[in-house]
Structure formats: structure tokens, C-alpha cells
Amino acid sequence: MQASLRLFAVPLSAVLLAGCGSSNGSGDAGGSSRTPTSTVSAGIPGCVPQCLSGGSDPGTLPAGSHRTSHFLNGQLTVALTGRWESHEDQPVEFSVAPEGSWDLHRVLFWSDLIPVDKDRKRAAGVASTASDLVAWLGTRPNLQVSTARSGRIGTAALPAKVVDIAISGTAVNEVADCPTRACADFLTWPNAGDNVYGIAEPAVLRLYLSDVAYGGRNHLLAAGIEGQDRADLKDFLPEAERLIASADAPLSPAP
């Protein structure tokens, strides 16, 4: 990863601490695209995303089919109803929002998420599987995690475990520059250095986790739906779920 992954900038609500980008949400500080180093092929190499670099800020996206340039080696497509915007297309993340609502809520696709403790170090003993990550999230101090339920990702209906993640009402703040009462960091990505993903009260993240295979290796695919609070998440869900259901890539369920 060449970009700075930590993003505190959600000016409207200041409740989501997210992403692979700078303060404007792009892969570069100025929002410009970098030359992609991924190579589209018939499949996705098993080393992806660790072996890729580069990133771009796609900007405004028209209605219709959109294909990534970097995420999943440029082989994820989604169907967009109406105009959307994206400021993250990197090997570990592709994220989109309805045009004009980037600071309110987003849909995110992630590859090979890594859990981190409150010291922002990789959590020990957690395998890169949906079951292990869900179990670990349930033990994470300061997070309120719903009981896992079954879900699907994409046109291939990849089996997924689905949880809603929020800040606990009794949480003790973990982040020095938290914009609200309490924040917690809990995820990172390959090649991310010290950069992490977290949420700030009252934000909610609905997280879909699916064990998938490509290039002869097993991977952890994630789709997330961010809401600035529970009401916002509820309102955004129908639109976000349609987009997640439209996702297509050369993936199969992990054996």
C-alpha cells in the first residue's frame, strides 16, 4: 500500500473513522489517480492483494455497470442504480456512496481484513476466516456486536456471516482525537503499516464476511455498509444491499 489508510474525515457527522485514503478520501493527498500496477487476467492471482500496489480516485460514477481498476485485480463489477461516487479503488478496498452522500454512508468491499487490538497491533491467534473474525469481534472491548446471521454477497450468492458493529454504551474511548464520546479501532489490511479502521459513536457498520477462494488460495472477502447512526443505516440498507447483491468477480466459496 502506498496510501495513508487512516481517515478521520467525515465532516458532516464526524462519526466514521475509515478507509484507505487521505483526508479527502482518495488514494492520494491531492485526489489524483496513480498508475495501476494490477493486471487484469482470466482469474485473480492468489497473491492478491498483498502483491499489488497503486490506487485511484474514480470520482463520479454514472448509472450502470462499474468495474474496479485495482480492487480484486480490477475484476470486481457492481451495478449502480443512479449516480454514485467513489474515492477508494485500491488492492485492499473499493468503496462507493450515492453521489453527494460520501460523508453520510458508504458501501465498502475489503479483502483479507486483519483484526487489531486497542493498541492497534495485530490480534494474535485469529485465523483469516469469517468464523474466527466474528468470534474475535465479539470479545473486542468497547464494541457492541450483534449475533451473527447468514447472508450472501454478490451474484454468486457467496455465503457470508453478517454482524452489526457499534460502540458499546459503556465503552471507554480508545482514540486520542476521537470526535465523539468514544471511538474504537479494530481492523486493518495487508501492507497497511500502522493504519487502521475504526468507528466513532454513534456510527454503525454492517459487516458481511465470506470465505472465498481465488488463485489457488483461500481469502477473506468483506462487504460493509456504513451508517452515521442506526436510523441512517436502516434508511440506506435497501440501496446498499442491492449494490452488494450485484457484485460479481471470479471468486468461489472456500473449500
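Since the model is a prediction, treat every value here as computed from it, not as a measurement. (Residues numbered from 1 in each chain as written. Predicted model: local features only at pLDDT ≥ 70, side-chain atom pairs only at ≥ 80, totals over all residues. Heavy atoms only, no water.)

Evaluation of the coordinates by the stated rule reveals 9 salt bridges. The closest approach of N and O atoms between Glu93 and Arg106, which form a salt bridge, is 3.9 Å. Of this pair, Glu93 sits in strand β6 (residues 93-98) while Arg106 sits in the loop between β6 and β7 (107-111); the two residues are 13 residues apart in sequence, bridging distant segments of the chain. According to the relative accessible area criterion, Glu93 is buried, its value standing at 0%. We note a salt bridge from Arg140 to Glu174, for which the minimum N-O separation is 2.9 Å. With Arg140 in the loop between α1 (130-137) and β9 (143-145) and Glu174 in the loop between β11 (158-167) and β12 (183-188), this pair connects stretches of sequence that are 34 residues apart. For the residue pair Arg140 and Glu174, the accessibility class agrees, reading buried in each case. Bridged by salt links that share partners, the residues Arg149, Asp164, Arg206 and Glu241 form one connected network. (Salt bridge = Lys/Arg side-chain N within 4 Å of Asp/Glu carboxyl O. Helix = DSSP H or I, 4+ residues; strand = E, 2+ residues; numbered from the N terminus. Buried < 20%, exposed > 50% of the residue type's maximum accessible area, 1.4 Å probe, protein only.)

In this model, helix α2 (residues 230-246) (17 residues) spans 24 Å end to end at C-alpha, consistent with the 24 Å of a helix rising 1.5 Å per residue. Of all the positions in α2, only Asp232, Leu233, Phe236, Leu237, Ala240, Leu243, Ile244 and Ser246 are classed as buried. For α2, the side-chain oxygen to backbone nitrogen distance between the N-cap and Ala231 is 3.2 Å, and the N-cap itself is Asp229. (Expected span 1.5 Å × (residues − 1). Polar contact = N/O pair within 3.5 Å; in protein donor to acceptor, adjacent residues only side chain to side chain.)

Another point: α1. Listed as buried for α1 are Ala130, Leu133, Val134, Trp136 and Leu137. For α1, the arc enclosing every buried residue in end-on projection is 165°, short of the 170-degree limit, so these residues lie on one face. As for α1, its buried residues are in contact with β8 (114-115), β9, β11, β12, β14 (204-214) and β15 (217-227). (Arc of directions from axis to C-beta. Contact = heavy atoms within 4.5 Å.)

Attention now moves to the environment of Asn195. Position of Asn195 relative to the elements: it lies in the loop between β12 and β13 (197-200). For the pair Asn195 and Asp185, spaced 10 residues apart in sequence, the C-alpha separation works out to 9.7 Å. From its side chain, Asn195 meets the backbone oxygen of Ala192 in a polar contact 2.7 Å long.

Attention shifts here to the confidence of the model for the protein chain. Note that predicted coordinates carrying low pLDDT should not be read in detail. When pLDDT is averaged along the protein chain, the result is 86; 84% of the residues meet or exceed 70. Within the model, pLDDT remains below 50 along residues 1-16, and this stretch shows 69 contacts once partners closer than five positions in the same chain are excluded. In the predicted structure, residues 18-41 sits below a pLDDT of 50 and forms 85 contacts with residues beyond four places in sequence or in another chain. (pLDDT = per-residue confidence, 0-100.)

Here we take up the nonpolar core. Among soluble globular proteins, nonpolar side chains are generally buried collectively. By size, the foremost hydrophobic cluster in this structure holds 35 residues, and its most contacted members are Leu76, Val107, Phe109 and Leu251. Among the secondary structure elements, those contributing two or more residues to this core are β4 (77-80), β6, β7, β11, β14, β15 and α2. Tallying contributions element by element places α2 first for this core, with 6 residues. Setting aside residues no more than four positions away along its own chain, Leu76 makes contact with His66, Arg67, Thr68, Phe71, Phe94, Phe109, Ala247, Asp248 and Ala249. In this structure, Val134, Leu137, Leu187 and Leu209 belong to the second largest nonpolar core, which totals 30 residues. (Core = buried A, V, L, I, M, F, W, Y, C linked by side-chain atoms within 4.5 Å.)

Following Val48, the chain continues into Pro49 via a peptide bond in cis, with omega recorded as 10°. You can see Pro49 is positioned in the loop between β1 (16-17) and β2 (59-61). Backbone torsion omega between Glu201 and Pro202 reads 15°, so that peptide bond is classified as cis. The phi dihedral of Asn142 is positive, around 80°, even though this residue is not glycine. In this fold, Asn142 is placed in the loop between α1 and β9.

Here the focus is the packing of aromatic side chains. When we look at a pair of aromatic rings, we describe it by the centre distance and by the angle of the planes. This structure, assessed with the given rule, holds 5 aromatic pairs. Look at Phe94 and Phe109: their rings are 6.4 Å apart centre to centre, the planes differ by 20°, and that puts the pair in the stacked class. Of this pair, Phe94 sits in strand β6 while Phe109 sits in strand β7, and the two are 15 residues apart along the sequence. Its relative accessible area of 1% is what places Phe94 among the buried residues. Ring geometry for Trp110 against Trp189: centres 6.2 Å apart, planes inclined by 70°, an arrangement best described as edge-to-face. Of this pair, Trp110 sits in strand β7 while Trp189 sits in the loop between β12 and β13, and the two are 79 residues apart along the sequence. Take Trp110 and Trp189: they sit in the same class, and that class is buried. Members of the aromatic cluster, each reached through a chain of ring pairs, are Trp110, Phe186, Trp189 and Tyr197. Taking the ring centre of Trp102 as reference, the NZ or CZ of Arg106 above it sits at 4.9 Å. (Phe/Tyr/Trp six-rings, centres within 6.5 Å; stacked < 30°, edge-to-face > 60°. Lys NZ or Arg CZ within 6 Å of the ring centre and 35° of its normal.)

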